[in-house]
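Observations on chain architecture
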Amino acid sequence: MSAELIARARADQVATLYARGHLTTLSMGLGALIFCAVMWSHVALGAMVAWLGLIALNQTWRSMLARTWNRSRPGIAAAARWGRYWWTGSMVAGALWGLAAWVAFPASPAQEALLIVCLFGVVLAAST
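Residues numbered from 1 in each chain as written. Predicted model: local features only at pLDDT ≥ 70, side-chain atom pairs only at ≥ 80, totals over all residues. Heavy atoms only, no water.

**A short note on the pattern of salt bridges**
Enumeration according to the criterion identifies one salt bridge in this entry. One salt bridge connects arginine 8 with glutamate 4, and the closest N-O pair in it is separated by 2.7 Å. One end of the pair, arginine 8, and the other, glutamate 4, are both in helix 1 (residues 3-19), four residues apart, so they sit about a helical turn from each other. Since its relative accessible area comes to 53%, glutamate 4 is described here as exposed. (Salt bridge = Lys/Arg side-chain N within 4 Å of Asp/Glu carboxyl O. Helix = DSSP H or I, 4+ residues; strand = E, 2+ residues; numbered from the N terminus. Buried < 20%, exposed > 50% of the residue type's maximum accessible area, 1.4 Å probe, protein only.)

**Quick notes on the packing of aromatic side chains**
A complete count under the given rule lists eight aromatic pairs for this structure. Ring geometry for tyrosine 18 and tryptophan 86: centres 5.0 Å apart, planes at 70°, overall edge-to-face. Taken together, the residues span a long stretch of sequence, with tyrosine 18 in helix 1 and tryptophan 86 in helix 4 (residues 79-103) at a distance of 68 residues. Across the pair, exposure class does not vary: tyrosine 18 and tryptophan 86 are buried alike. Seen from their ring centres, tryptophan 82 and tyrosine 85 are 5.3 Å apart, and the 75° between their planes marks the pair as edge-to-face. Taken together, the residues span about one helical turn, with tryptophan 82 and tyrosine 85 both in helix 4 at a distance of three residues. Judged by relative accessible area, which is 30%, tyrosine 85 ranks as partly exposed. Taken together, the ring pairs connect Tyr18, Trp69, Trp82, Tyr85 and Trp86 into an aromatic cluster. (Phe/Tyr/Trp six-rings, centres within 6.5 Å; stacked < 30°, edge-to-face > 60°.)

So, in structure tokens, the structure goes:
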């Protein structure tokens, strides 16, 4: 394959990430709300509110990136940079969910199963 073809394919991949960014926000928001509803009586309110705030802040930043992408439509040369922006948002989201799993690790098997479902649900929805 030529370098130009590979660069174009990577640019298309990055464009797809931004085109489907609303699904990431939807999955993160829904997963966070379900998680908080179930863990409400098991996690300190301050920790839960802080975590939700960080999720909202990250998703707001990612939504702003998607809007900027859609307005400017950067070319092939900028795809790597925009891919790194998206990767950073994904890394932060993953770290926030890892933090939630660590802080709120449930005592009961049913809640543990829900935590696993929420984590996998967010990952799968965000990766489509």
